Amino acid sequence: MGQIEVPVVRNILQANERLAASNRRRFQEAGIYVINLMSSPGAGKTSLLEKTIDGLAGQLRMAVIEGDIQSSHDAERIRTKGVQAVQINTEGGCHLDANMIQIAVESLELENLDVLIIENVGNLVCPAEFDLGEHDKVMILSVTEGDDKPLKYPLMFQLSSVLVINKVDLLPYIHCDVQLIRERTRQLNGNQEIFEVSCTSGSGMDLWLEWLKKKVQGVKDQLSRQGEA
Amino acid sequence: MPCFAAGGDHPRQGGSLNDLNSWHEDSIVHELSIAQSLLEIVLEESRKHRMTKVRVIRLQVGELAAVVPDSLMFCFGMISENTVACGAILEIEAVPVVARCSQCQLMFEVENHVFSCPECDVPVMDLVSGRDLSVMSMEGEREESDGAD
Ligand SMILES: Nc1nc2c(ncn2[C@@H]2O[C@H](COP(=O)(O)OP(=O)(O)O)[C@@H](O)[C@H]2O)c(=O)[nH]1
Ligand SMILES: [Mg+2]
Ligand SMILES: [Zn+2]
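Conventions adopted
- Residues numbered from 1 in each chain as written.
- Chains lettered and ligands numbered in written order.
- Predicted model: local features only at pLDDT ≥ 70, side-chain atom pairs only at ≥ 80, totals over all residues.
- Heavy atoms only, no water.
- Helix = DSSP H or I, 4+ residues; strand = E, 2+ residues; numbered from the N terminus.
- Rg over C-alpha atoms; globule rule 2.2 N^0.38 Å.
- Buried < 20%, exposed > 50% of the residue type's maximum accessible area, 1.4 Å probe, protein only.
- Contact = heavy atoms within 4.5 Å.
- Buried area = accessible area lost by both parts, 1.4 Å probe.
- Salt bridge = Lys/Arg side-chain N within 4 Å of Asp/Glu carboxyl O.
- Polar contact = N/O pair within 3.5 Å; in protein donor to acceptor, adjacent residues only side chain to side chain.
- Nonpolar A, V, L, I, M, F, W, Y, C, P; charged D, E, K, R; others polar.
- Donors = N, O, S within 2.8 Å, 3.2 Å for Na, K, Ca; no water.
- Tetrahedral: all angles 85-135°; square planar, octahedral: opposite > 155°, others 65-115°.
- Pairing = 2+ DSSP bridges.
- Axes fitted to C-alpha atoms, helices over the stretch in contact; angles between N-to-C directions.
- Near = heavy atom within 4 Å.
- Areas by Shrake-Rupley, 256 points an atom, 1.4 Å probe, with all protein chains shown as cover.

Looking at this structure, I do not really get the overall build of chain A. What am I missing?
Broken down by element type, chain A carries eight helices and eight strands. The C-alpha atoms of chain A give a radius of gyration of 19 Å, which matches the 17 Å a tight globule of 229 residues would have. Expressed as a percentage of the 229 residues in chain A, the buried residues total 55%. For chain A, long-range pairs separated by at least 24 residues make up 73% of all intrachain contacts whose partners lie at least 6 apart in sequence.

Put into structure tokens, the structure is as follows:
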């Protein structure tokens, strides 16, 4: 029998990356701004979405894709607010991938939207590895998780354009050094925007909403420039 | 053909998914889906090269990639049973994190997760390597073609 060695040189995630690129083109054409929202379970992704929906009501048209291991509870929380929500159940899978997003997007009328937020499965490791075609990765760290997380999950912090530090209303009751979080994450990603918020009290929400609106406008400006060219 | 060497002489041979979960707290399913994509590539390439057996698969995995090599090997061992890659050894080469400064173009190895230029002290986002997750080559046996060789 012939022994052989063959060169391969292929990216293992190439299938996902191709689909992500195609999603990205689709979003670009429709002129919508897309966020991949990630955190550990319970850090406050759905809460931030609820606050964001309230804050943008009447200003921007929004839709949500909810990724969850099971149940459609989060999607129902969003629909209660009168916003379109598509549920993806990963049946045990710990992250969303570009293929799931491509399918979910079929049930949305992208042309009638300004912003789409994808709530990823609660997990600080795997979602970072899978591009969905989003414009920005936004991560939430709640102060109850501790200030050592940037050291433990460097990829997630390195790739996220925004870090939302949530549950700051609880700071008086726990040991968590927000300044230390800022220093540790700045080493990983010196361009990261950081917002300190409480989804419960609503504090800090104005700065986050302002940033979001600017990003949405950026995508629209780009689209109209292309239209003129 | 039954496979008696799932995972080769991998240290986690005989382990269960539950064992794995307990030492890699952030769930195994992640490496499982990467192992699945890996297997697809390996099977496709082995068909292309008419291989009857894959013995070694060489990979490059960046030090920043969210992949635990041991869980990847374990998952691959499980799902490659009854394929030509059953029992194949994964040789994983770790690729250091290297970044390039956008101001002075200096390329440097990122140590201790400090992503800033040692010369200019500005944040650096341009990664040259470190997120790699690639199949580089495979070794094994090829089917005898009639008369040739
Ligand atoms: N004290 C406090 N609790 C919060 C805050 N934001 C969210 N929570 C609570 O944290 C829990 C998990 O929130 P949820 O939005 O479902 O997290 P998800 O799993 O990331 O979507 C809920 O009980 C929320 O009420 C906050 O700013 N402060
Ligand atoms: Mg949620
Ligand atoms: Zn420099």
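So much for the structure itself; the text now carries on.
Is there a simple way to explain the interface of chain A and chain B in this structure?
Accessible area lost upon the coming together of the parts is a frequently used measure of interface size. On the side of chain B, 39 residues touch chain A, which itself brings 34 residues to the contact. Roughly 3400 Å² of surface becomes buried between chain A and chain B when both sides are summed, with 58% attributable to carbon and sulfur atoms. The largest contributions to the chain A side of the interface with chain B come from Ile4(A), Arg10(A) and Ile12(A), which together make up 22% of the buried area. Counting the contacts that link chain A with chain B gives four salt bridges. A salt bridge links Glu44(B) to Arg10(A); the shortest N-O distance between them is 3.2 Å. Viewed at the interface, chain B and chain A are joined by 16 residue pairs in polar contact (both at pLDDT 80 or more). Listed by contribution, the elements that provide at least two residues to the side of chain A that touches chain B are strand 1 (2-11), helix 6 (154-159) and helix 7 (178-188) of chain A. The leading source of residues in the side of chain A that touches chain B is strand 1 of chain A, at ten residues. Its residues assigned to classes, the side of chain A that touches chain B comprises 18 nonpolar, 13 polar and three charged.

How should the coordination of the zinc ion (ligand 3) be read in this particular structure?
Geometry reference: four tetrahedral donors at a metal, ideal angle 109.5 degrees. Six octahedral donors, ideal angles 90 or 180 degrees. Residues and elements named next belong to chain B. Distances from the zinc ion (ligand 3) to its protein donors, Cys101 (SG), Cys104 (SG), Cys117 (SG) and Cys120 (SG), fall at 2.2 to 2.4 Å. In this structure, the zinc ion (ligand 3) is coordinated by four donor atoms arranged in tetrahedral fashion, with angles at the metal of 104 to 115°. Expressed as a motif, the donor residue spacing for the zinc ion (ligand 3) is C-x2-C-x12-C-x2-C. Taking relative accessible area as the criterion, Cys117 reaches 2% and is therefore assigned buried.

What's the story with the coordination of the magnesium ion (ligand 2) in this structure? I'm lost.
Residues and elements named next belong to chain A. Looking at the magnesium ion (ligand 2), one finds its protein donor set to be Thr46 (OG1), Asp74 (OD) and Glu119 (OE), positioned 2.1 Å from the metal centre. For the magnesium ion (ligand 2), the donor residues sit on a single chain with the sequence spacing T-x27-D-x44-E. One end of the pair, Thr46, is in helix 2 (residues 45-56); the other, Asp74, is in helix 3 (residues 73-79), and 28 residues separate them in sequence. Across the pair, Asp74 and Thr46 agree in class, each one buried.

Can you walk me through the sheet that holds strand 3 (residues 98-100) of chain B in this structure?
What holds strands together in a sheet is hydrogen bonding between their backbones, with the strands either parallel or antiparallel. All names here are of chain B. Pairing is antiparallel in the open sheet, where three strands are placed in the order 4-3-5. Each edge of the open sheet is held by one strand with a lone partner, namely strand 4 (107-109) and strand 5 (126-129). Across the sheet, the mean angle from the axis of one strand to that of its neighbour is 35°, orientation sign disregarded. Here strand 3 pairs with strand 5 via three bridges, running antiparallel. Bridge pairing links Val98 to Ser129 in strand 5.

Mind showing me how you'd approach the site of ligand 1 here?
Residues and elements named next belong to chain A. Near ligand 1, the surroundings consist of 18 residues, among which Lys45, Ser47, Asp169, Cys199 and Thr200 are the closest. For ligand 1, an oxygen atom lies 2.8 Å from a polar atom in the side chain of Thr46. Protein chains bury 71% of the 580 Å² of accessible surface belonging to ligand 1 in isolation. Per element, the largest residue contribution to the shell around ligand 1 is three residues, and it comes from helix 2. Here the shell around ligand 1 is composed, by residue class, of four nonpolar, nine polar and five charged.

When you look at the sheet that holds strand 6 (residues 133-142) of chain B in this model, what are you seeing that I'm missing?
Taken in spatial order, the four strands make up an open sheet running 1(A)-6(B)-1(B)-2(B), and their pairing is mixed. Of all strands in the sheet, those with a lone pairing partner are strand 1 of chain A together with strand 2 (89-95) of chain B, marking the two edges. Recorded for the sheet is a direction-independent mean angle of 20° between the axes of neighbouring strands.

When you look at the pattern of salt bridges in this model, what are you seeing that I'm missing?
A pair can form between side chains of opposite charge whenever their charged atoms are brought close. Counted by the stated rule, this structure contains 23 salt bridges over all chains. When the shortest N-O distance is used, the salt bridge between Asp131(A) and Arg24(A) registers 2.9 Å. Remark: Arg24(A) occurs in helix 1 (residues 14-30) and Asp131(A) occurs in the loop between strand 5 (115-119) and strand 6 (136-142); sequence separation between them is 107 residues. For Arg58(B), the salt bridge goes to Glu91(B), with nearest N and O atoms at 2.9 Å. Taken together, the positions of Arg58(B) in strand 1 (residues 51-62) and Glu91(B) in strand 2 put the pair 33 residues apart, joining distant regions of the chain. Look at Arg58(B) and you get partly exposed, because its relative accessible area is 23%.

Explanation requested: unusual backbone geometry in the structure shown.
Trans is the prevailing form of peptide bonds, just as negative phi is the prevailing case for residues other than glycine. Residue and element names in this part refer to chain B. Notably, Arg50 is not glycine yet its phi reads approximately 50°, a positive angle. Positionally, Arg50 belongs in the loop between helix 2 (29-48) and strand 1. We note that Asn82 has phi near 65°; this positive angle belongs to a residue other than glycine. Mapped onto the fold, Asn82 is located in the loop between helix 3 (69-79) and strand 2.

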